[in-house]
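Structure assessment
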Amino acid sequence: VISAVGGVLSAIFTYVYMNIIDPEVVGRMMEKARSDMEARGGMTDEQIDQGMAMAGKFMNGPIMIVGVVLGSVFFGVLLALLVSAFMKHAKPEFE
């Protein structure tokens, strides 16, 4: 539950930041990704354009919000499973 609340708050902040506070941040991130792809080499311009188009779809508002919330819930559950595995009691308390 805590990771879901944290994910929703994080998604709201990210949406407000990317759309109201600094709308150019997405453009800067896309340019950085393009320059990194070109610097690595091994990809044609067409492949780079396809990758940028796909990345642009995921930088959109609703898809980004859902991704942030689901990612937060996933990592919250993963963290809870790890903690519970190490904090497990070997002997029942009421025996």
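Preceding this section is the structure that the text describes.
All of these numbers come straight from a predicted model, not from anything done at the bench. (Residues numbered from 1 in each chain as written. Predicted model: local features only at pLDDT ≥ 70, side-chain atom pairs only at ≥ 80, totals over all residues. Heavy atoms only, no water.)

Let us now look at the packing of helix α1 (residues 2-21) against helix α4 (residues 61-86). Put simply, α1 and α4 touch, their axes get as near as 8 Å, and they point 150° apart. Considering their axes alone, α1 and α4 lie roughly antiparallel with respect to each other. Our pair here, α1 against α4, has a crossing hand that is right-handed. Side by side, α1 and α4 meet where Ser 3, Ala 4, Gly 7, Val 8, Ser 10, Ala 11, Thr 14, Tyr 15 and Met 18 of the first sit next to Gly 61, Met 64, Ile 65, Val 68, Val 69, Ser 72, Val 73 and Gly 76 of the second. Of the residues assigned to the contact of α1 with α4, the class counts are ten nonpolar, seven polar and no charged. (Axes fitted to C-alpha atoms, helices over the stretch in contact; angles between N-to-C directions. Helix = DSSP H or I, 4+ residues; strand = E, 2+ residues; numbered from the N terminus. Parallel < 35°, antiparallel > 145°, perpendicular 65-115°, else oblique. Left-handed = near helix turned anticlockwise from the far one by under 90°. Contact = heavy atoms within 4.5 Å. Nonpolar A, V, L, I, M, F, W, Y, C, P; charged D, E, K, R; others polar.)

Taken as a whole and judged by the stated rule, the model has four salt bridges. Between Asp 36 and Lys 32 there is a salt bridge, with the nearest N and O atoms lying 3.1 Å from each other. Of this pair, Asp 36 and Lys 32 both sit in helix α2 (residues 25-40), four residues apart, which is roughly one turn of the helix. A salt bridge links Arg 34 to Asp 49, with the shortest nitrogen-to-oxygen separation between them at 2.9 Å. Residue Arg 34 is located in helix α2, and its partner Asp 49 is located in helix α3 (residues 45-58); the two are separated by 15 residues in the primary sequence. Using a relative accessible area of 41% as the deciding quantity, one classes Asp 49 as partly exposed. Here the residues in one salt-bridge network are Arg 34, Glu 38 and Asp 49, joined through shared partners. (Salt bridge = Lys/Arg side-chain N within 4 Å of Asp/Glu carboxyl O. Buried < 20%, exposed > 50% of the residue type's maximum accessible area, 1.4 Å probe, protein only.)

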